[in-house]
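Summary of the model geometry
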Amino acid sequence: DAKTTQPTSMDCAEGRAANLPCNHSTISGNEYVYWYRQIHSQGPQYIIHGLKNNETNEMASLIITEDRKSSTLILPHATLRDTAVYYCIVRVPLSGGYQKVTFGTGTKLQVIP
Amino acid sequence: GAVVSQHPSRVICKSGTSVKIECRSLDFQATTMFWYRQFPKQSLMLMATSNEGSKATYEQGVEKDKFLINHASLTLSTLTVTSAHPEDSSFYICSARVGRRWDTQYFGPGTRLTVL
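Computed from a predicted structure; not experimentally measured. (Residues numbered from 1 in each chain as written. Chains lettered and ligands numbered in written order. Predicted model: local features only at pLDDT ≥ 70, side-chain atom pairs only at ≥ 80, totals over all residues. Heavy atoms only, no water.)

With that settled, consider the overall build of chain B. Counting its regular elements, chain B contains zero helices and 11 strands. Secondary structure elements of chain B occur, N-terminal to C-terminal, as β-β-β-β-β-β-β-β-β-β-β. Considering only C-alpha atoms, chain B reaches an extent of 40 × 25 × 25 Å along its principal axes. Expressed as a percentage of contacts within chain B between residues at least 6 apart in sequence, the contacts between residues at least 24 apart total 55%. When the accessible surface of chain B is split by element, carbon and sulfur atoms take 52% of a total near 5,700 Å². (Helix = DSSP H or I, 4+ residues; strand = E, 2+ residues; numbered from the N terminus. Contact = heavy atoms within 4.5 Å. Areas by Shrake-Rupley, 256 points an atom, 1.4 Å probe, with all protein chains shown as cover.)

Here it is in structure tokens:
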């Protein structure tokens, strides 16, 4: 299984960009990188995903290195409501259509006023 | 967006009793539902995967006789913690997926179980 490593915690000033790194050096060619976040005592929320190209949506941008061994989630203008644990996940497809997912420890992002 | 609900949101029970947690997809039919467990300050751990009308697939180390999963319809899955003990106290989260793409997996708000 491709595993991910993330910093345990990060701080970011409100209004500034938050850049959350993730290493996934054992990722294979057909595995996508997904980002979810979990606000305290709630279920995870999907943010963005990508395979090779950089992606952007209304919530964030995802930058994937050319060798795909790492990626960065960018929240362009962090707000206090973005304080959460952010999980970088590599999807591991299994036979029969099941897609097992392993959540790592995630990065606790604290947005500071 | 798609909504997944869980009931109850919190439950406190005595040791030795059984607790049932419901997971519902409110506005879509979920071909697959997943159950996760999360201990304080730890990450989510997948417990089991279930498809409607078939037996659940449990992850290694998860006791299937203790954590009974029933996925009787495309909108409802239940997790029953049988003979609960204090070590079963945790945050239980379900997710529901339509189709095979993983970004179509939607998470419920979670259920906080406390076993006294």
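This part covers the pairing of strand S1 (residues 4-7) of chain B. Residue and element names in this part refer to chain B. By the alternation rule, side chains of S1 split into Val4 and Gln6, which are all buried, and Ser5 and His7, of which none is buried. As paired strands, S1 and strand S3 (residues 19-25) are joined by four bridges and run antiparallel to one another. Counted as the bridge partner of Gln6 is Cys23 from S3. (Buried < 20%, exposed > 50% of the residue type's maximum accessible area, 1.4 Å probe, protein only. Pairing = 2+ DSSP bridges.)

Reading fine detail from the predicted coordinates is not recommended where pLDDT is low. Scored by pLDDT, chain B comes out at a mean of 89, with 94% of its residues at no less than 70. At the level of individual helices and strands, chain B shows its lowest average pLDDT in strand S10 (residues 105-107) of chain B, which scores 83, and its highest in strand S11 (residues 111-115) of chain B, which scores 97. (pLDDT = per-residue confidence, 0-100.)

Backbone torsion omega between His7(B) and Pro8(B) reads 0°, so that peptide bond is classified as cis. Residue position: Pro8(B) is located in the loop between S1 and strand S2 (10-13). For Ser41(A), which is not glycine, the phi dihedral falls at a positive 60°. The topology assignment puts Ser41(A) in the loop between strand S3 (33-38) and strand S4 (45-50). Judged by its relative accessible area of 34%, Ser41(A) is partly exposed. With phi around 65°, Arg68(A) is a residue other than glycine that occupies positive phi space.

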